[in-house]
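Read off the chains here:
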Amino acid sequence: MQPTEEERDQTDHTAAVSHPNAAVPPPPSPSQPLSKNAQKKLLKQQKFEAKKAEKKAAEKLHKKLEAERKRKEWDEKLASLSEEEKSKLIESRKGMRKDRMEKRSKEREMKIERLARAKESGQNVVIDLEFADLMAANEIHSLVQQIMYCYAVNGRCAAPAHLWLAGYHGEMESQLQKLPGFDKWIIEKDKRPYIETFQDQKEHLVYLTADSETIVDELDPKKIYIVGGLVDRNRWKGITMKKAEEQMIQTAKLPIGNFLKMSSSQVLTVNQVIEILLKFLETRDWKSSFFDVIPQRKRFEADSEKYEGETEGEENEKRDNNDVKKQCIGTKEV
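Residues numbered from 1 in each chain as written. Predicted model: local features only at pLDDT ≥ 70, side-chain atom pairs only at ≥ 80, totals over all residues. Heavy atoms only, no water.

Visitor: Explain the overall build of the protein residue by residue, including any values.
Guide: Within the protein, the regular secondary structure consists of ten helices and eight strands. Looking at the protein residue by residue over its 334 residues, the buried ones come to 43%. Pairs at least 24 apart in sequence give 76% of the contacts found in the protein among residues at least 6 apart. Of the roughly 19,000 Å² that the protein leaves accessible, carbon and sulfur atoms contribute 51%. (Helix = DSSP H or I, 4+ residues; strand = E, 2+ residues; numbered from the N terminus. Buried < 20%, exposed > 50% of the residue type's maximum accessible area, 1.4 Å probe, protein only. Contact = heavy atoms within 4.5 Å. Areas by Shrake-Rupley, 256 points an atom, 1.4 Å probe, with all protein chains shown as cover.)

Visitor: Any details on the packing of aromatic side chains? Residues and values, ideally.
Guide: Geometry of an aromatic ring pair is reported as the spacing of the ring centres plus the angle between the planes. If you walk through the whole model with that rule in mind, you get seven aromatic pairs. Here Tyr151 and Trp185 contribute two aromatic rings whose centre-to-centre distance is 4.2 Å and whose plane-to-plane angle is 5°, an arrangement assigned as stacked. Linking Tyr151 in helix H4 (residues 137–156) with Trp185 in the loop between helix H5 (170–177) and strand E3 (188–190), this pair joins segments that are 34 residues apart in sequence. For the pair Tyr151 and Trp185, a shared accessibility class is recorded, and that class is buried. Arranged with centres 6.0 Å apart and planes meeting at 70°, the rings of Tyr194 and Tyr207 form a pair that is edge-to-face. (Phe/Tyr/Trp six-rings, centres within 6.5 Å; stacked < 30°, edge-to-face > 60°.)

Visitor: Account for the nonpolar core, with residues named and values stated.
Guide: Core analysis: the biggest nonpolar cluster contains 66 residues, and Met172 and Leu176 have the highest contact counts within it. A per-element tally of this core places H4 first, with nine residues. Excluding anything up to four places from it in sequence, Met172 contacts Leu129, Ala132, Met135, Ile140, Leu143 and Val144. (Core = buried A, V, L, I, M, F, W, Y, C linked by side-chain atoms within 4.5 Å.)

Visitor: Summarise the sheet that holds strand E4 (residues 205–208); cite the residues concerned and give the values.
Guide: Across the sheet, which stays open at both edges, the six strands sit in the order E3-E2-E1-E5-E4-E6 with parallel pairing between neighbours. The open sheet terminates on both sides in strands that have one partner only, identified here as E3 and strand E6 (250–252). Sheet twist, expressed as the average angle between the axes of neighbouring strands with direction ignored, equals 25°. Taken together, the five bridges between strand E1 (residues 124–128) and strand E2 (residues 162–166) define a ladder with parallel strand orientation. When the bridges of E2 are listed, Val125 appears paired with Leu163. (Pairing = 2+ DSSP bridges. Axes fitted to C-alpha atoms, helices over the stretch in contact; angles between N-to-C directions.)

Visitor: An account of the pattern of salt bridges is needed here, citing residue identities and associated values.
Guide: Within the structure shown, the criterion is met by eleven salt bridges. For the salt bridge of Glu84 with Lys88, the shortest nitrogen-to-oxygen distance reads 3.6 Å. Residue Glu84 and its partner Lys88 are both found in helix H3 (residues 83–121); the two are separated by four residues, about one turn of the helix. The exposure class assigned to Lys88 is exposed, which follows from its relative accessible area of 56%. (Salt bridge = Lys/Arg side-chain N within 4 Å of Asp/Glu carboxyl O.)

Visitor: Hey, could you go over the pairing of E4 for me, with residue numbers and the actual values?
Guide: Burial along E4 is two-sided: the face carrying Leu205 and Tyr207 and the face carrying Val206 and Leu208 are both buried. Looking at chain direction, E4 and strand E5 (residues 224–228) are connected through three bridges and run parallel. Residue Val206 lies in a different strand from E5, and its bridge partner there is Tyr225. Pairing of E4 with E6, which is carried by three bridges, proceeds in the parallel orientation.

Visitor: Provide a residue-level description of the packing of H4 against H5, including the pertinent values.
Guide: Between H4 and H5, the shortest axis-to-axis distance is 10 Å and the interhelical angle comes to 45°. What the angle tells us is that H4 and H5 run oblique. Both H4 and H5 take part in a crossing whose hand is right-handed. Contacts between H4 and H5 involve Ala137, Ile140, His141, Leu143, Val144 and Ile147 on the former and, on the latter, Glu171, Met172, Gln175 and Leu176. Residue composition of the contact of H4 with H5, grouped by class: seven nonpolar, two polar and one charged. (Parallel < 35°, antiparallel > 145°, perpendicular 65-115°, else oblique. Left-handed = near helix turned anticlockwise from the far one by under 90°. Nonpolar A, V, L, I, M, F, W, Y, C, P; charged D, E, K, R; others polar.)

Visitor: Which residues make up a positive patch on the surface, and what values do they have?
Guide: Side chains of Arg93, Arg97, Arg100 and Arg104 sit close together on the surface and give a patch of like positive charge. Here Arg104 shows up in helix H3. (Patch = residues over 30% accessible without salt bridge, like charges linked within 9 Å, V, L, I, M, F, W, Y side chains within 5 Å. Lys, Arg positive; Asp, Glu negative; His and termini not counted. Charge placed at Lys NZ, Arg CZ, Asp CG, Glu CD.)

Visitor: Which residues make up unusual backbone geometry, and what values do they have?
Guide: Positioned with a positive phi, Met248 is a non-glycine residue whose angle comes to about 55°. As for its placement among the helices and strands, Met248 is situated in the loop between helix H7 (239–247) and E6. Positive phi, close to 55°, is recorded for Arg284, a residue that is not glycine. Its relative accessible area of 41% is what places Arg284 among the partly exposed residues.

Visitor: So what's going on with the pairing of E5? Which residues, and what values?
Guide: Counting buried positions along E5 yields five of five residues, so the element is predominantly enclosed. Judged by which residues are buried, E5 turns out to be covered on both faces: Ile224, Ile226 and Gly228 on one side and Tyr225 and Val227 on the other are all buried. Strand direction decides the pairing type here: E1 and E5, joined by five bridges, are parallel. Residue pairing in the sheet places Ile127 in a bridge with Val227 of E5.

If you want it as structure tokens, here you go:
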């Protein structure tokens, strides 16, 4: 599975990742009754969950009925043919299936080759997973889904980044292990904190956080960029900046404000940040990277200039998301 557009819409490139399914904290104890505003939010969330469950059930039923319909059509078609025609049709179908499997195998091999090459010379990007203790299980689940999306998108890139997962344990590790083919992912997995992993390269560490005063102009291949993973719902503002300062490592923020005006705060999901970085590595163009990834509803027109193809990009993004979901679920080897 991959994050829905709503799920991908609430975290910033500091690693603060948010998700509507994980947004509502558990109700307080009877001694601390919910406020009217909190009750409204909880009711809204419950309606959202109910609608989501109904939609999922409807999609499952539709898929089952469609499979039965196709099976019936195939049986009827075979029944109407002579034995010779039936044999030819079956052989033709087997050949088409073989061609598809060979194509997928070739694509898989090319993907493995690209990711292996990225481990040698790709841009190092670390997803910091040390904030798991601050999140509930459903919030961790939201982040894990976004990590799956990051891996899928990176695998499709012509020149992928060298992705790292660092500092994961407990519930985070448990949920990661449930991802399809996770054990065979071509990605760096280090349960140690990144500060330990890169202790000999500390001067190259750069934590991406919206609270930084330093703006990234260009991605330095020698640098190791860190994206924090935290479903914070604004509960932990400034936490990644504080962490970087305590560790005495560099910080920086993406130059979003130089190219567009956000309709709210400069808040992006982890997978959006990763995808922006990947697109920049491919195009060396921040503006196109932001406009291709950041949903239109989250931004105003930049300096009254309409970005060409903007609406089309939004529609393409939705279609791409469905493709990524299929890739993630169907990937067993990588």
